[in-house]
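# A look at the structure
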Amino acid sequence: MRAAVMGSPIGHSLSPCLHRAAYRAMGLDAWSYEAFECDEAGLAGMLEALRPVRGEPGDDVWAGLSLTMPLKRAVLPLLDTVAEPAVEVGGANTVVFRDGRRHGDNTDVYGIERALAEAGVAAPRSAAVLGGGATAASALAALRNLGLYSATLLVRDPARAGETARVAERLGVALAVETFDKLDAFTGVDLVVSTLPGGAADAFADRLACVPALFDVIYAPWPTRAASAVQAAGGTVIGGFEMLLHQAVRQVELMTGQAGVPVQAMREAGEAELRRRTALS
């Protein structure tokens, strides 16, 4: 059985490390997991090339795919079925091949929920989300699932947050969209979720220091300056690795059809790989 992660750029992905650790611990010796560079233009061709798929005869059988940016939204028209979480957020990070069909799902929402719950932030009464992309949409869905039906989205340009605003409407979440210069007015919320790339939230580190809890989706380098500022002030900090870990756990469940995925083995493998990368940098 074969599985892989696709996206562009893909060289930094931790997914192979996490999924392979799960296979080893589960005794799935015949399973493999790879990483393929793929952009939106090449996605349809790549999907067609993955033959035979599960349910068809052949020795080289594809079980599923993990998708990262920029493919989560682009894949939707190429799927036969789409699970409700992916429909709601307008993006699928998981494709499972079954009975000759492509089934899309979104495990990012689950990953965010589990990361928040583990940190003791399972019921925030108010939240602000930084950034307006696909991860922000998943964050809004996770917050809704945790019982929060209103949030503030802070972005550089509100005109580019239209898709995320439509996601909020589908979710039944009342969303206020503001610009980053208004951040100070929203640091009194229970939780700030930064979905900004590459430590971009570090520019707001001094202003974020007073928030009770910060979830920064960056996992390397870690901690970010923003995370360090919140931690130094006594706040709760959740890093992107926990989200990545738990969304991968759910992907392994979906692709293998097995429960009891070894979370700790995956965690240890991922943390070891991050330490290795830090030592090399």
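Now for a look at the structure at hand. (Residues numbered from 1 in each chain as written. Predicted model: local features only at pLDDT ≥ 70, side-chain atom pairs only at ≥ 80, totals over all residues. Heavy atoms only, no water.)

## Concerning the pairing of strand β2 (residues 32–37)
- The pairing of strand β1 (residues 2–7) with β2 spans 6 bridges and is parallel. When the sheet's bridge partners are listed, Ala3 is paired in β2 with Tyr33.
- Crossover handedness for the path β1 to helix α1 (residues 15–26) to β2: right-handed. (Pairing = 2+ DSSP bridges. Helix = DSSP H or I, 4+ residues; strand = E, 2+ residues; numbered from the N terminus. Right-handed = clockwise from strand over helix to strand, strands pointing away.)

## Let's talk about the packing of α1 against helix α10 (residues 263–280)
- Contact geometry of α1 with α10 gives a least axis separation of 8 Å together with a crossing angle of 140 degrees. As far as their axial angle goes, α10 and α1 are oblique. Like other packed secondary-structure pairs, α1 and α10 cross with a definite hand, here right-handed. Touching Cys17, Leu18, Ala21, Ala22 and Ala25 of α1 are Ala265, Met266, Ala269, Gly270 and Glu273, all from α10.
- For the contact of α1 with α10, the class distribution of residues is 8 nonpolar, 1 polar and 1 charged. (Axes fitted to C-alpha atoms, helices over the stretch in contact; angles between N-to-C directions. Parallel < 35°, antiparallel > 145°, perpendicular 65-115°, else oblique. Left-handed = near helix turned anticlockwise from the far one by under 90°. Contact = heavy atoms within 4.5 Å. Nonpolar A, V, L, I, M, F, W, Y, C, P; charged D, E, K, R; others polar.)

## What about the sheet that holds strand β3 (residues 62–67)?
- The mixed open sheet is built from 6 strands, whose spatial order is β2-β1-β3-β5-β6-β4. Because the sheet does not close on itself, it has two edges, and the strands there are β2 and β4 (81–82).
- Relative to strand β5 (residues 94–98), β3 runs antiparallel, the two sharing 3 bridges. Looking at β5, one finds that Gly64 is bridged to Val96.
- Contacting β1, β2, β3, β5 and β6 (101–105), helix α2 (residues 40–49) crosses the sheet at an angle of about 125 degrees to β6.
- Against the sheet, helix α9 (residues 240–256) touches β1, β3, β5 and β6, its axis set at about 15 degrees to β5.

## Regarding the side chain of Ser66
- With respect to the helices and strands, the residue Ser66 is situated in strand β3.
- A polar contact is formed between the side chain of Ser66 and the side chain of Tyr33, at a distance of 2.6 Å.
- Contacts of Ser66, omitting those with residues within four sequence positions, involve Ala4, Val5, Met6, His19, Tyr33, Asn93, Gln251 and Met255. (Polar contact = N/O pair within 3.5 Å; in protein donor to acceptor, adjacent residues only side chain to side chain.)

## Looking at the pattern of salt bridges
- Within this structure, the stated rule accounts for 15 salt bridges.
- Residue Asp108 is joined to Lys72 by a salt bridge in which the shortest nitrogen-to-oxygen separation is 2.8 Å. Highlighted residues: Asp108 in helix α4 (residues 108–118) and Lys72 in the loop between β3 and β4, separated in sequence by 36 residues. Each of the two residues, Asp108 as well as Lys72, counts as buried. (Salt bridge = Lys/Arg side-chain N within 4 Å of Asp/Glu carboxyl O. Buried < 20%, exposed > 50% of the residue type's maximum accessible area, 1.4 Å probe, protein only.)

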